[in-house]
Amino acid sequence: MTELPARRLLLVHAHPDDESINNGATMAAYAAEGAHVTLVTCTLGERGEVIPPGLAHLSGTALGEYRLGELTAAMSALGVDDFRLLGGPGRYRDSGMMGLPDNDDPDCFWRADVDEAAGHLLEVIREVRPQVLITYDDNGGYGHPDHIQAHRVAMRAAELAADAGCPVAKVYWNRVPRTVGEQAFARLQAALPQLPFTKTATLDDVPGVVGDERITTVVDGTAHTAAKTAAMAAHATQIEVSGEYFVLSNELAQPVFTTEYYELVRGEKAGAPETDLFAGIEDA
């Protein structure tokens, strides 16, 4: 096996597009610095709502296959070569929104055995030996069942990795500090007349918003803004991008965050705040 770079970052996400929205600038920044960036996506988002009318015929397996192509294009934009589907393509299916009958599909990720799914992720950890893992908080950022399950699986895999002798030094959750979000939405309101969007989301629609005091780590990815927005635009079934703003299928405009924020939940903090996810890791 080819020797891996000294710095190794693992991200665990629920669907294609989540990685670009939440961590696109971080991924591009570390990839550009020569770190090994690994993305594990837990489903292909087969139940996602499709934005472009010309692609509205896509659903189920066909949509998942199409979204895999979008994910491939997004990773190319970010400079990331190592991206995988948890347990292999098609192993876990999109669970739909919380409370829908889709949640009862025995093949959906929400119904997956957490230890079994974490075992698949452990295989990746054994191979890549990441020092840093990024995932969602225990509410999945906003309550989607696949995001909650991705959190459970990632955190369980980190436990298993420690027991298996390949510990992950630091685990982070995706976050947005409340004051940063408030300022970004104020700019969005001012810019709205010049945008192709007519309505805005609110800060309550943004996953992972917390009080500023919860933020431990700030990654300035502004130099990689073009890469992040290109990656988001590659997910055209799910996202429409216009400059510094984007909409999902709800047609509510949101800001693109190119400085990305994290809460360290396992490991030792090195700085107040940290500006490097690998800060304090001796072998990184």
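See above for the structure.
Predicted model, so just to flag it, every value in this text is computed and none were measured.

Undergrad: In this structure, what is going on with the nonpolar core? I would like to understand it.
TA: Grouped burial of nonpolar side chains is what soluble globular proteins tend to show. Judged by nonpolar contacts, the single largest core of 30 residues is most densely connected at Leu 10, Val 12, Leu 86, Phe 109, Leu 121, Ile 125 and Val 153. Put simply, the parts of the chain that give this core at least two residues each are strand E1 (8-13), helix H3 (114-128), helix H4 (145-163) and strand E5 (170-177). Here this core gets eight residues from one element, more than from any other, and that element is H4. What Leu 86 contacts, discounting residues up to four positions off in sequence, is Val 40, Thr 41, Cys 42, Arg 91, Tyr 92, Phe 109, Ala 117, His 120, Leu 121 and Val 153. Of all hydrophobic cores here, the second largest spans 26 residues; its members include Leu 9, Leu 39, Leu 78 and Ala 231.

Undergrad: Can you help me understand the sheet that holds strand E6 (residues 199-200) in this one?
TA: Backbone hydrogen bonds are what pair the strands of a sheet, in a parallel or an antiparallel way. Read across the open sheet, the four strands follow the order E6-E11-E10-E9; overall the sheet is mixed. Sheet topology places E6 and strand E9 (240-242) at the edges, where each strand pairs with a single neighbour. Pairing of E9 with strand E10 (residues 245-247) involves three bridges; the strand directions are antiparallel. Bridge assignment links Val 241 to a residue of E10, and that residue is Phe 246. Here helix H5 (residues 178-191) sits on the sheet in contact with E6, E10 and strand E11 (252-255), set at roughly 130° to E11.

Undergrad: Just to check I follow, could you spell out the packing of aromatic side chains for this structure?
TA: What describes a pair of aromatic rings is the distance from one ring centre to the other and the angle between the planes of the rings. Applying the stated criterion across every chain, the model contains three aromatic pairs. A ring pair is formed by Tyr 172 and Tyr 262, whose centres lie 6.1 Å apart and whose planes are at 70°; its orientation type is edge-to-face. Highlighted residues: Tyr 172 in strand E5 and Tyr 262 in strand E12 (residues 259-266), separated in sequence by 90 residues. Summarising the burial analysis for this pair, Tyr 172 and Tyr 262 share the class buried.

Undergrad: Would you mind showing me how to read unusual backbone geometry here?
TA: Negative phi values dominate among residues other than glycine, just as trans dominates among peptide bonds. A cis amide bond links Ala 272 to the next residue, Pro 273, at an omega of -5°. Position of Pro 273 relative to the elements: it lies in the segment after E12. In this structure, Arg 129 takes a positive phi of about 55° despite not being glycine. Looking at the element boundaries, Arg 129 is found in the loop between H3 and strand E4 (132-135). Note on Arg 129: relative accessible area 43%, which makes it partly exposed. Of note, Glu 251 is a non-glycine position whose phi angle comes to about 65°, a positive value.

Undergrad: Before we go on, may I ask you to explain the layout of surface pockets in this structure?
TA: In this approach, a probe sized like a water molecule rolls over the atoms, and the result shows the empty space that is left. Approximately 900 Å³ is the volume found for the largest pocket. What lines the largest pocket is a set of 38 residues, among which Asp 17, Asp 18, Ile 21, Tyr 142 and Leu 248 lie closest to the centre. Looking at the lining of the largest pocket, the elements that each hand over two or more residues are helix H1 (18-32), E5, helix H6 (225-234), E11 and E12. By volume, the second largest pocket is sized at about 240 Å³. Considering the residues around the second largest pocket, the lining is formed by 15 residues, among which Arg 187, Glu 244, Val 256, Phe 257 and Thr 258 are closest to the centre.

Undergrad: Please clarify how empty space enclosed by the protein should be interpreted in this entry.
TA: For the structure on display, the rule yields two cavities of 30 Å³ or more. Empty space within the largest cavity amounts to approximately 60 Å³. The wall of the largest cavity is formed by Asn 22, Tyr 136, Asp 137, Gly 140, Gly 141, Tyr 142, His 147, Asn 174, Pro 207 and Gly 208. Along the lines of polarity and charge, the residues of the lining of the largest cavity split into three nonpolar, six polar and one charged. Of the pockets and cavities examined, the second largest cavity occupies roughly 30 Å³.

Undergrad: Help me out: how do you make sense of the pattern of salt bridges in this one?
TA: A pair can form between side chains of opposite charge whenever their charged atoms are brought close. One pass over the structure, following the stated rule, counts 16 salt bridges. Between Arg 7 and Asp 276 there is a salt bridge; the shortest N-O distance is 2.6 Å. A residue pair is termed long-range when its members are at least 10 positions apart, and Arg 7 in the segment before E1 and Asp 276 in the segment after E12 qualify at 269 residues. Looking at Arg 7, the relative accessible area reads 23%, which means it is partly exposed. Asp 276 sits in the buried class, given a relative accessible area of 19%. For Glu 263, the salt bridge is made with Arg 214, and the minimal N-O distance between the two is 3.0 Å. With Glu 263 in strand E12 and Arg 214 in the loop between strand E7 (209-210) and strand E8 (217-220), the pair connects residues that are 49 residues apart, well separated along the chain. Each of Asp 115, Arg 156, Glu 159 and Arg 266 takes part in a single network of salt bridges with overlapping partners.

Undergrad: Is there a simple way to explain the packing of H1 against helix H2 (residues 60-78) in this structure?
TA: Geometry of a packed helix pair, given as the angle between the helix axes and the separation of the axes. Orientation of H1 relative to H2, taken along the N-to-C sense of each, is 40°, at an axis distance of 9 Å. When the interaxial angle is binned, H1 and H2 end up oblique. Contacts from Glu 19, Ser 20, Gly 24, Met 27, Ala 28 and Ala 31 of H1 reach H2 at Leu 71, Ala 74, Met 75 and Leu 78. Each residue belonging to the contact of H1 with H2 can be placed in one class, and the counts come to seven nonpolar, two polar and one charged.

The rules behind these values
- Residues numbered from 1 in each chain as written.
- Predicted model: local features only at pLDDT ≥ 70, side-chain atom pairs only at ≥ 80, totals over all residues.
- Heavy atoms only, no water.
- Core = buried A, V, L, I, M, F, W, Y, C linked by side-chain atoms within 4.5 Å.
- Buried < 20%, exposed > 50% of the residue type's maximum accessible area, 1.4 Å probe, protein only.
- Helix = DSSP H or I, 4+ residues; strand = E, 2+ residues; numbered from the N terminus.
- Contact = heavy atoms within 4.5 Å.
- Pairing = 2+ DSSP bridges.
- Axes fitted to C-alpha atoms, helices over the stretch in contact; angles between N-to-C directions.
- Phe/Tyr/Trp six-rings, centres within 6.5 Å; stacked < 30°, edge-to-face > 60°.
- 1 Å grid on protein atoms, 1.4 Å probe; cavity = no way out; pocket = protein on both sides within 12 Å on 5 of 7 lines; lining within 4 Å.
- Points joined across faces, edges and corners; volume = space filled by probe spheres on them.
- Nonpolar A, V, L, I, M, F, W, Y, C, P; charged D, E, K, R; others polar.
- Salt bridge = Lys/Arg side-chain N within 4 Å of Asp/Glu carboxyl O.
- Parallel < 35°, antiparallel > 145°, perpendicular 65-115°, else oblique.

That's the geometry; what it means functionally is another story.
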